[in-house]
Amino acid sequence: MAKVPNPIDKHVGSRVRLRRVLLGLSQEKLGDALGLTFQQVQKYEKGANRIGASRLQEISKILDVPPSYFFEGAPAGSAEAHVDAGEVVSSALVTDFIATAEGIQLNKAFVRIKSQQVRKRIIDLVVSLASETGADETDRDARDESESGNPPKS
């Protein structure tokens, strides 16, 4: 039976991948800087292999981020098991999307838009298109709540 990656290891790996791609580094170049093969970097990024503390420190220096960067948005541990499972799944989907080539490209382009009004119109357009294709309105509700400063509804 195949071993299922720990959600934290998968999250940390996806953050390594996200930062690496944002910097334009290949897996091979990151591997060379770490003294590893690109296959080992792949395993780290997929969460198949856990990244040790000293290795994570080294990766954070190479990718020019603090080690805490890799844990931002990580799923809650067992001590906080009361967190809504839908929230964790939603967070994982967002993280997975942002780590894709399309997610990175969209993110890079979106942050270059200076006008908050234009960014809001783009979000409204995407939400509208998504609802036309059968997606539900929960993303719009969550966005509206986050803009108001209120926590999302469960």
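This part takes up the overall build of the protein. Tallying secondary structure elements over the protein gives eight helices and zero strands in all. Written out in order from the N terminus, the α and β elements of the protein read α-α-α-α-α-α-α-α. By the burial criterion, 23% of the 154 residues in the protein qualify as buried. Considering only intrachain contacts with a sequence separation of at least 6, the fraction spanning at least 24 residues in the protein is 56%. Taken as a whole, the protein presents about 10500 Å² of accessible surface, with 56% of it coming from carbon and sulfur.

Here we take up the nonpolar core. Among the nonpolar cores identified, the biggest contains 16 residues, and Val-16, Leu-30, Ile-51, Ile-59, Leu-63 and Phe-70 are the most heavily contacted of them. Secondary-structure elements contributing two or more residues to this core are helix H1 (7-22), helix H2 (27-34), helix H3 (38-46) and helix H4 (53-62). Setting aside its immediate chain neighbours within four residues, Leu-63 contacts Val-16, Arg-19, Arg-20, Leu-23, Leu-25, Leu-30 and Phe-70.

The next thing to look at is the side chain of Asp-9. Topologically, Asp-9 is positioned in helix H1. Excluding residues that lie within four positions of it along the chain, Asp-9 makes contacts with Tyr-44, Gly-47 and Arg-50.

Another aspect to go through is the confidence of the model for the protein. Confidence in the prediction of the protein, expressed as mean pLDDT, is 79, and 73% of residues score 70 or more. Between residues 78-89, whose pLDDT stays under 50, and residues either more than four places distant or in other chains, the model counts three contacts. Residue range residues 148-154 is modelled with pLDDT below 50. Its contacts to residues more than four positions away, or to other chains, number four contacts.

In this section: helix H7 (residues 116-132). Taking 1.5 Å of rise per residue, 17 residues should cover 24 Å, and H7 covers 24 Å from first to last C-alpha, within 8% of that figure. Among the residues of H7, the N-terminal cap falls to Ser-115, whose side-chain oxygen and the backbone nitrogen of Gln-117 are separated by 3.3 Å.

Counted according to the given criterion, the structure contains one aromatic pair. Measuring from ring centre to ring centre gives 5.3 Å for Tyr-69 and Phe-70, while their planes differ by 85°; the resulting arrangement is edge-to-face. Over the ring of Tyr-69 we find Arg-15; its NZ or CZ atom is 4.0 Å from the centre of that ring.

The subject of this paragraph is the packing of H2 against H4. Axis separation between H2 and H4 bottoms out at 10 Å; the angle between their running directions is 120°. In this view, H2 runs oblique relative to H4, as classed from their interaxial angle. The two elements H2 and H4 meet at a crossing, and its hand is right-handed. Contact residues: Leu-30, Ala-33 and Leu-34 in H2; Arg-55, Glu-58, Ile-59 and Ile-62 in H4. Classifying every residue of the contact of H2 with H4 gives five nonpolar, no polar and two charged.

The next point concerns the packing of H2 against H3. Across the interface, H2 lies against H3 with an axial gap of 8 Å and an inter-helix angle of 105°. By the angle between their axes, H2 is roughly perpendicular relative to H3. Residues Gln-27, Glu-28, Leu-30 and Gly-31 of H2 lie in contact with H3, whose contacting residues are Phe-38, Val-41, Gln-42 and Glu-45. Tallied by class, the residues present in the contact of H2 with H3 amount to three nonpolar, three polar and two charged.

About the thresholds
Residues numbered from 1 in each chain as written. Predicted model: local features only at pLDDT ≥ 70, side-chain atom pairs only at ≥ 80, totals over all residues. Heavy atoms only, no water. Helix = DSSP H or I, 4+ residues; strand = E, 2+ residues; numbered from the N terminus. Buried < 20%, exposed > 50% of the residue type's maximum accessible area, 1.4 Å probe, protein only. Contact = heavy atoms within 4.5 Å. Areas by Shrake-Rupley, 256 points an atom, 1.4 Å probe, with all protein chains shown as cover. Core = buried A, V, L, I, M, F, W, Y, C linked by side-chain atoms within 4.5 Å. pLDDT = per-residue confidence, 0-100. Expected span 1.5 Å × (residues − 1). Polar contact = N/O pair within 3.5 Å; in protein donor to acceptor, adjacent residues only side chain to side chain. Phe/Tyr/Trp six-rings, centres within 6.5 Å; stacked < 30°, edge-to-face > 60°. Lys NZ or Arg CZ within 6 Å of the ring centre and 35° of its normal. Axes fitted to C-alpha atoms, helices over the stretch in contact; angles between N-to-C directions. Parallel < 35°, antiparallel > 145°, perpendicular 65-115°, else oblique. Left-handed = near helix turned anticlockwise from the far one by under 90°. Nonpolar A, V, L, I, M, F, W, Y, C, P; charged D, E, K, R; others polar.

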